[in-house]
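The chain contents come next:
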Amino acid sequence: MRLGKFALPGLRRGAVLASTVAAAIASPAACAMFAGGAVPERFGWLAVVVFAAIIGLTMYVTYRAARRVTSTQQFYAAGRSVSGLQNGWAIAGDYLSAASFLGIAGLISLYGYDGFMYSVGWLVAYITVLLVIAEPCRNIGKYTLGDILAFRNDPKTAKLMAAMSTIIVSIFYLTAQMVGGGVLVKTLIGIDYEISVIVVGVLMLAYVVFGGMVATTWVQIIKAVLLVAASILLVICTWAPYGFSLPAFLQAVVGDPKVQAQVAKLLGDAATGMDAAQLGQRFLEPGLYLKNPVDQISLGMALVFGTAGLPHILMRFFTVPNAHQARVSVLWAMAIIGGFYVLTLIIGNGAALHVGAAAIAGFDKGGNMAGPLLAQFIGGGAESALGNFFLAFVAAVAFATIVAVVAGLVLASASAMSHDIWVGVIKGERATPAEEVRAARISAMLVGAVAIIIGILAKGQNVAHLVGLAFAVAASSNLPCVLLTLYWKRCNTGGIVAGMIVGTVAAIGLVLVSPNMTYPQIERANAQKVIDAAPAKLETLQAAIDDATEAGAKEKAAKAFAKAKADLAAAQAAQEKFADQETSLVGLEKPLVSLKNPGLYSIPLGFLGVIFGSLLWRRDRRASAMWEELYVRQNTGINSEQAVGH
Amino acid sequence: MKRPNNNERQGVVMSNGSSGSGIDWLAIDADPRFRELHRRKTRFLWTLMAISVVCYFLLPIGAAYFPKSFGRKLWGPVNVGILFALSEFVIAWLIAFVYSRQASRKFDPMALELIRSVGALGSTKKTLQQ
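Residues numbered from 1 in each chain as written. Chains lettered and ligands numbered in written order. Predicted model: local features only at pLDDT ≥ 70, side-chain atom pairs only at ≥ 80, totals over all residues. Heavy atoms only, no water.

**Section: the overall build of chain B**
Across its full length, chain B holds 6 helices and 2 strands. When the elements of chain B are put in sequence order from the N terminus, they spell out α-α-α-α-β-β-α-α. Residues counted as buried form 43% of the 130 residues belonging to chain B. When the accessible surface of chain B is split by element, carbon and sulfur atoms take 61% of a total near 7000 Å². (Helix = DSSP H or I, 4+ residues; strand = E, 2+ residues; numbered from the N terminus. Buried < 20%, exposed > 50% of the residue type's maximum accessible area, 1.4 Å probe, protein only. Areas by Shrake-Rupley, 256 points an atom, 1.4 Å probe, with all protein chains shown as cover.)

Now the structure itself:
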């Protein structure tokens, strides 16, 4: 392989970059940084080795890919040469973000049944993708969401709206990933938050800028395979002692005192009068986490209709050669994603049994450490080399997960910027492929820089609801537009514009006036309640300490006393923090709606937007003239974009 | 990822979204075979879609309003709720399987037949044969 053969001048920079990152991670200084996380300091080198191996592998793939990526079709759609099986794994890689990989196992470990129920919607979402989106989009689309909407509507307007929506959805999703990833890496291996955000950003940019869709696809596949392998290993080790029997395993879970204590803690006063067996069994019943059914249905709607409108998922269907392979890829994706969530049932309950909710929540309140800590336990515990190797492996997979998901999002927004806005709107479709690929690379760098900056600025913010918001916006704006332009003859440019604006504004607006925001007056009132109740509570607890005769009971009472003191201090701090604020970000004293998830209202509003927008719009000649062509093409695949060699 | 083979290399690049393709879309749209394909496909798709959405929303509704039934133990500690949630996965996979079998056995051949009779579409045929 001669260096002179490189298709890209930038590749040498890529190689230099890869070796710099690898060197930085393997250096002694880096080893010292791996301190203070879940991996004990003296086992830090293990984490370094596993991380370096995974990053090295993805960098090698990027290096190979970069030589092929010279055309727009290669950069945006991997030459349409990805097979259905490969694309299925890549979709799973794009979709199983750290939130689902670590978050759902964590929810199960802390709240039992509700965590598992929560995971169902993430799979059912793919039914919508399979039945109404994947094949038609492959048949009429080219590279982006904008291409689909531009087919029969005014191309410039449609592309502009689609690109803006793509960027909004991706930035919400991206922010949650960057912030969540930074926190996660810090918890796992103790790297500074800012450093991990920058490392994630730089790695992801290397994949996207040099390797385009080819490298991004491979990074997704590698990550998904590692993720599934790690989960299967964990499940086998957790489940085997119970002879792979579900009742025997769950019997051990419900019989565990740690699980029973967690249920008693969650139920509070409602737990009085329940015996240990009842408390344990309650862990497998609904209602410990999800309290508001309407909110849950609202979230379910955003998942089931939003996944099909996520630009980075839509984009994956342009990488396969035809509609049949698009169908095959959803089938594989459903098998992998669904199988993965079934595995989390064992992983989450295993973590509750072996690690315990208190220890898991001690590292991270959201439960994200359940899977990694279970891995450490399986390998022999915090003091064993094997245990820490397992932990390091799971941590590295989590890291690869964040980088891979972010890469998919950045590629989707960069494509929207270069293909839809720059080429479609600004240059009026007149750009050479070389110019367009360059524009896509520059766009990717811009989006990547923005992602890093947002990641650092949003440090410490609660961004968990942003993933839900990304799904809600996609479900309320992208999905109604795509669905109606594909299946409704009267749909036209006016409908696309109205649907996009109404759906996006409704979803974001409803969140801005929802209980997700911080309301200073309510915070102050809650803090005041704690402060008012504190003297009496402390007195009772003090009396309990004095009365306790056994050492164990005394210690327990002292702990409760210390906790009450800490609560009081936190309440006082909150009082001070919100002292000179009266209203939330948008000037409200209390939430206007009770729902945390906007989907229930915003999705119908998005559909109404498209319908009324279309009916009120002047007669759109192009929209009706192109209808038959679109209709025949989306159903038959005649004239669809073919895989073309270089 | 496979390299495009020779056959694909020679594939014709089709223009996207232009009416200049020389194909009479109106005629295909009016073709009774296309009408039949479309009628069958639409009915099948939206039926499956409705079933899956209803099944899915039964889960949170059941969990919220019938917690007692969900808590009934059936198989050791395994209760109705857990089996119901697991069945959601099976239902989703079943729907996907049923759709894809129907699409490969019925809809793809119907579309292919249509394409053949429209003729002169060269590279599009293999799109459906794969």
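What follows continues from the structure just given.
**Quick notes on the overall build of chain A**
Summing up its helical and strand segments, chain A has 27 helices and 0 strands in all. Taken over C-alpha atoms, the radius of gyration comes to 26 Å for chain A, in line with the 26 Å a tight globule of 646 residues would show. Overall, the C-alpha framework of chain A stretches about 85 × 60 × 50 Å when taken along its three principal axes. Counting every position in chain A, which comprises 646 residues, the buried fraction comes to 62%. For chain A, the share of sequence-separated contacts (at least 6 apart) that also reach a separation of at least 24 residues comes to 83%. (Rg over C-alpha atoms; globule rule 2.2 N^0.38 Å. Contact = heavy atoms within 4.5 Å.)

**Remarks on the interface of chain B and chain A**
Opposite the 71 residues of chain B that make contact, chain A presents 74 residues. Roughly 6500 Å² is buried in total at the junction of chain B and chain A, and carbon and sulfur atoms are behind 69% of that figure. Linking chain B with chain A are 1 salt bridge. Secondary structure elements with two or more residues in the side of chain B that touches chain A: α1 (6–9), α2 (25–30), α3 (32–65), β1 (73–75), β2 (78–79), α5 (80–118) and α6 (124–129) of chain B. Partitioning the side of chain B that touches chain A into residue classes produces 43 nonpolar, 18 polar and 10 charged. (Buried area = accessible area lost by both parts, 1.4 Å probe. Salt bridge = Lys/Arg side-chain N within 4 Å of Asp/Glu carboxyl O. Nonpolar A, V, L, I, M, F, W, Y, C, P; charged D, E, K, R; others polar.)

**Considering the pattern of salt bridges**
Side-chain pairing between opposite charges can occur once the charged atoms of the two side chains come close. Enumeration according to the criterion identifies 13 salt bridges over all chains in this entry. Three or more residues joined by partner-sharing salt bridges are found here, namely A:Glu135, A:Arg327 and B:Asp108.

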